[in-house]
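# Inside the fold
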Amino acid sequence: MDKHFEILFLDEAFEFLSGLERKHYEKILYNIRKSQVEIDPELFKKLSDEIWEFRTLYQGLQYRLLAFWDKTSTTDTLVVSTHGFIKKRSKVPDNEIQKAVSIRTKYFADKQVKNKKK
């Protein structure tokens, strides 16, 4: 089955996953792989114009990995995961969305600098 996108975990997202118990991060990765091949808003949902969330409910905990799309490549569509957290309220906190927006801004600025050096 064809993937809709590739996934890139930035440092904070990787650190978040690394800090979880094995079964928990395996469930999150399973859901992410599933969202790469099927469109399911229970697993991957748009939060704002630029920010999306990977959603996993496991053993009563709501895990969230925030992400954004990078469609600048001519070959691959990339979803970049910025960071993760355990959601405690029904709504994703604004500060988490703002954090993802700032990481996105820095990511594209860094990418532009690298492309100019080529």
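Before any of the text, the structure's been laid out above.
One structure accompanies this document, and this report is about it. (Residues numbered from 1 in each chain as written. Predicted model: local features only at pLDDT ≥ 70, side-chain atom pairs only at ≥ 80, totals over all residues. Heavy atoms only, no water.)

For the rest of this paragraph, the subject is the overall build of the protein chain. Check the secondary structure of the protein chain and you find three helices and five strands. Secondary structure of the protein chain in N-to-C order comes out as β-α-α-β-β-β-β-α. Over its C-alpha atoms the protein chain spans a radius of gyration of 14 Å, differing by no more than 12% from the 13 Å that the globule rule assigns to 118 residues. If one aligns the C-alpha atoms of the protein chain with their principal axes, the spans along those axes are about 45 × 35 × 25 Å. When the 118 residues of the protein chain are sorted by exposure, 36% land in the buried category. Sequence separation of at least 24 residues holds for 53% of the intrachain contacts in the protein chain that already meet a minimum separation of 6. (Helix = DSSP H or I, 4+ residues; strand = E, 2+ residues; numbered from the N terminus. Rg over C-alpha atoms; globule rule 2.2 N^0.38 Å. Buried < 20%, exposed > 50% of the residue type's maximum accessible area, 1.4 Å probe, protein only. Contact = heavy atoms within 4.5 Å.)

A positive phi angle, near 50°, is found at Gln59, a position not held by glycine. Structurally, Gln59 can be placed in the loop between β3 (52-58) and β4 (61-70).

Distances and angles like these do not, on their own, reveal function.
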